[in-house]
Amino acid sequence: MESEIGSPVEQKQNKIATIVLFGILSVVFAEVFSGSAPLWFLDAWGLLVVLPLYWGHGLLLLNLAMRFERTSVTQLYLWGIFYGLYESWMTKVIWAGYMGQEPQFGVILGFAWGEFMVIALFWHAVFSFILPIAVFQILGSIGDSPKGSFPCKNRSGKILYCVIILIGSVFIASGFVFDIVATSIAAIGNTAIVLIVTYLTRRSNPKGFTLETLKLGRKGAVIVSGYVGFLYIFLWFFIFPERIAGPITILLTILFYLLIAILLRVSPPRNDAITPLPIRTDLGMTFEYKHIAYGFVLICVLAPLWCIAVDLIGVLGVFLYLGMLIAGPILFIVATIRVFASRLNRNNKGDQETIDTSLV
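The structure presented is a predicted model; accordingly, all values stated were derived computationally and were not measured.

1. Some details on the environment of I19
Okay, so step 1: By the secondary structure assignment, I19 is in helix α1 (residues 8–32).
Okay, so step 2: Separated by 40 residues in the primary sequence, I19 and L59 place their C-alpha atoms 8.3 Å from one another.
Okay, so step 3: Ignoring anything within four residues of it in the chain, the contact list for I19 reads W55, L59, T213, L214 and L216.

This is how it looks when you write it as structure tokens:
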């Protein structure tokens, strides 16, 4: 039986295209914008480990969010913390600091607390998870269809847009120690990949696409979770096994997982944050496909320029990193408050409905 968008074969092909696009967005925002692996597409490690690591985490956590109907922006942030905690078991960065470095701000209870604040509470939650989801929605909008469901006021939207471009261009350059040739190759190469894959995905989905196309079937879920599980085991032993934390720190890490799970469980089910919604004009700036393209092109221009202004970029990079260090715990506190506030509001609403019913 055929649906409105075509035969089952066509649906599968279109779904594969969107899944590939989401994987590309995941690794670009996570590893390219951080300057960790800007040239992931040029070596086997990048293609066989880096890409599937971020691709798999994003797909699995998004599918869990949809499965349990915990998909508000606050809830996606909490899922993103699950994402970031891989940096303990795989890379050990949350425990022992960045590779080849000592913890930047010291250690508390076995945690490199500065790296924990930046990586787990900010970078992976926002850049590795929420941004790919938001951008995917925007790229999937066609014609008069909704432009994604992450609207924001005009001024805040412009500021966010500029900050993301600034972070991406600055960290790509600093990741190569301001080598202008390597920086240019990374910026242009990743931009070309994103735009080409986006073009092919939109062409194979002329009516647009939504996050529903990223829902995995049983076979897909087994394949993705199996490979991600393999990476956890493989990298636990392969990358700096001597940096594995002690029993107390490992136990505290597991307890933090449990805390995030409790927050998600306590938060009321909500499944409208990832469904394209009509955006009222009074909400201000609405991002479209062209804004994403302009942003990537602008990064191609700015990243090489930062290699020339080395002194400026050094200072700017420090301020950006410190900003993320502060933003991480603030976002976590705000998310926690919102979870309990939404739960309280739901309980109060339920009590009021009970009173109204009894009066009738």
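Here the narrative resumes.
2. Some points on the pattern of salt bridges
Okay, so step 1: Applying the stated criterion across every chain yields a total of one salt bridge.
Okay, so step 2: Between K215 and E212 there is a salt bridge, with its nearest N and O atoms 3.1 Å apart.

3. Description of a nonpolar patch on the surface
Okay, so step 1: On the surface, L42, I180, V181, I185, V297, L298, V301, L305 and I308 cluster together to form a nonpolar patch covering roughly 810 Å² of accessible area.
Okay, so step 2: Secondary structure elements with two or more residues in the nonpolar patch: α8 (180–204) and α11 (289–308).
Okay, so step 3: The dominant element in the nonpolar patch, judged by the number of residues it contributes, is α11, at five residues.
Okay, so step 4: Counting through the fold element by element, I180 comes out in helix α8.
Okay, so step 5: For I180, a relative accessible area of 38% gives the class partly exposed.

4. Focus: the nonpolar core
Okay, so step 1: Within the largest apolar cluster, 94 residues are counted, with the highest numbers of intra-cluster contacts made by F33, W40, I81 and F127.
Okay, so step 2: Looking at this core element by element, the count peaks at 17 residues for helix α6 (residues 113–140).
Okay, so step 3: Once residues within four sequence positions are removed from consideration, W40 is found in contact with I24, V27, V28, V32, G46, L47, V50, L51, N190 and I193.

5. Let's talk about the environment of I233
Okay, so step 1: Mapped onto the fold, I233 is located in helix α9 (residues 218–238).
Okay, so step 2: Along the chain, I233 and M90 lie 143 residues apart, while their C-alpha atoms are 8.0 Å from each other.

6. Remarks on unusual backbone geometry
Okay, so step 1: In this structure, V177 takes a positive phi of about 55° despite not being glycine.
Okay, so step 2: Position of V177 among the secondary structure elements: in the loop between α7 (154–175) and α8.
Okay, so step 3: The exposed category is assigned to V177, whose relative accessible area is 67%.
Okay, so step 4: Unlike most non-glycine residues, F240 shows phi in positive territory, near 45°.

7. A look at the packing of helix α3 (residues 73–84) against helix α10 (residues 247–266)
Okay, so step 1: Where α3 meets α10, the closest approach of the two axes is 10 Å, and the angle between their N-to-C directions is 160°. With respect to their mutual orientation, α3 and α10 come out roughly antiparallel. Between α3 and α10 lies a crossing of left-handed hand. Side by side, α3 and α10 meet where Q75, L78, W79, I81 and F82 of the first sit next to F256, Y257, I260, A261, L263 and L264 of the second.
Okay, so step 2: Split into classes, the residues belonging to the contact of α3 with α10 amount to 10 nonpolar, one polar and no charged.

Thresholds applied
- Residues numbered from 1 in each chain as written.
- Predicted model: local features only at pLDDT ≥ 70, side-chain atom pairs only at ≥ 80, totals over all residues.
- Heavy atoms only, no water.
- Helix = DSSP H or I, 4+ residues; strand = E, 2+ residues; numbered from the N terminus.
- Contact = heavy atoms within 4.5 Å.
- Salt bridge = Lys/Arg side-chain N within 4 Å of Asp/Glu carboxyl O.
- Patch = residues over 30% accessible without salt bridge, like charges linked within 9 Å, V, L, I, M, F, W, Y side chains within 5 Å.
- Areas by Shrake-Rupley, 256 points an atom, 1.4 Å probe, with all protein chains shown as cover.
- Buried < 20%, exposed > 50% of the residue type's maximum accessible area, 1.4 Å probe, protein only.
- Core = buried A, V, L, I, M, F, W, Y, C linked by side-chain atoms within 4.5 Å.
- Axes fitted to C-alpha atoms, helices over the stretch in contact; angles between N-to-C directions.
- Parallel < 35°, antiparallel > 145°, perpendicular 65-115°, else oblique.
- Left-handed = near helix turned anticlockwise from the far one by under 90°.
- Nonpolar A, V, L, I, M, F, W, Y, C, P; charged D, E, K, R; others polar.

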